[in-house]
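Structure at a glance
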Amino acid sequence: MSPRKIIFAAMIALTVCSSPLPASESEDPSGWKEIANYRGWKIISLRLTGLEKQVAREIGQGLELAEEGAVLYERSLGQDIERIRLFLSLRGYPYSAVSPSISPAEEGKELSLDLHVDPGPPVIVRSVEITGLPDQFRETVQNRTRMKAGSVFSDAALAADKSAIVEILSKAGHARARACLLYTSPSPRDRTRSRMPSSA
């Protein structure tokens, strides 16, 4: 007898603050005009402010302009700003804004670059509903899952929860177990509600 195929469907309703989406500094023409004045200058230090030290350290490790000998160019700065915003978005902060500021050295074409980050309001999980799961696994799944009502949304936590459910069912003999996700979230721009299905 072939193992029963179990389908896990989750509905996660997300809510955020009603404040307007903050604009990214990368969209400010006057800010980029100042950056252009220092095009090609060597960056002797880069500092991230507005974040916890551990978070700033982790983000800094993935920035191009944080590398030794980095040179300031608008494209590189824009890409690093998008890296910061993506990092925060995947951790429940999709409305972040990054403001760069420059302090030129007294001599030579060298500068210090500060990136002030405003994380913006977090996306909060309103509810989590698990359907299609056999009753005998419900308590085990609830103990293993990290995404809870009231927590800040995390893409990594959601992926881990889906994997945990499949693992629990697979170990119990349901080799063809699958986890499917269906969640609702406000649009980043107009805050309308939409459904975005996913499966794993």
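As the structure is a prediction and not an experimental result, all values here were calculated from the model.

Within the protein, the secondary structure is distributed over five helices and seven strands. Overall, the protein shows an N-to-C arrangement of helices and strands of β-α-β-α-α-β-β-β-α-α-β-β. Residues classed as buried in the protein amount to 37% of the 200 residues present. Long-range pairs, those at least 24 residues apart, make up 66% of the contacts in the protein with a sequence separation of at least 6. A total accessible area of about 11500 Å² is found for the protein, and carbon and sulfur atoms account for 50% of it.

One finds Leu-72, Leu-77 and Ile-84 to be the most contacted residues of the largest nonpolar core, which totals 24 residues. Those elements that place two or more of their residues in this core are helix H1 (29-36), strand S2 (42-49), helix H2 (53-60), helix H3 (74-89), strand S3 (97-104) and strand S4 (110-118). Not counting the four nearest positions on each side in its chain, Leu-77 is found in contact with Trp-32, Ile-35, Leu-65, Leu-72, Pro-100, Leu-113 and Leu-115. The next biggest cluster of nonpolar side chains, apart from the first, holds eight residues, and it includes Leu-133, Val-141, Ile-168 and Leu-169.

Quick look at the environment of Lys-148 now. The residue Lys-148 is located in the loop between helix H4 (135-144) and helix H5 (155-171) in this model. Residue Lys-148 is classed as partly exposed on the basis of its relative accessible area, which comes to 36%. In this view, Lys-148 contacts Val-125, Val-128 and Gln-142; residues no more than four positions away in its chain are not counted. At a separation of 3.2 Å, a polar atom in the side chain of Lys-148 contacts the main-chain carbonyl oxygen of Thr-145.

Spatial strand order, S2-S4-S3: three strands in an open sheet with mixed pairing. Each edge of the sheet is formed by a strand with only one pairing partner; in this case those strands are S2 and S3. Between one strand axis and the next, the sheet turns through 20° on average, direction left out of account. Bridge count between S3 and S4: eight bridges; the pairing is antiparallel. Along S4, the bridge assignment pairs Pro-104 with Leu-111. Most of the contacts of H3 go to S4, to which it runs at about 30°, and overall it touches S2, S3 and S4.

Okay, the confidence of the model for the protein next. Any region with low pLDDT has predicted coordinates that should not be read closely. Here the protein shows a mean pLDDT of 77. Residues at 70 or above account for 74%. Confidence drops under pLDDT 50 across residues 1-26; counting only partners more than four residues distant or on other chains, this segment forms 99 contacts.

The rules behind each value
Residues numbered from 1 in each chain as written. Predicted model: local features only at pLDDT ≥ 70, side-chain atom pairs only at ≥ 80, totals over all residues. Heavy atoms only, no water. Helix = DSSP H or I, 4+ residues; strand = E, 2+ residues; numbered from the N terminus. Buried < 20%, exposed > 50% of the residue type's maximum accessible area, 1.4 Å probe, protein only. Contact = heavy atoms within 4.5 Å. Areas by Shrake-Rupley, 256 points an atom, 1.4 Å probe, with all protein chains shown as cover. Core = buried A, V, L, I, M, F, W, Y, C linked by side-chain atoms within 4.5 Å. Polar contact = N/O pair within 3.5 Å; in protein donor to acceptor, adjacent residues only side chain to side chain. Pairing = 2+ DSSP bridges. Axes fitted to C-alpha atoms, helices over the stretch in contact; angles between N-to-C directions. pLDDT = per-residue confidence, 0-100.

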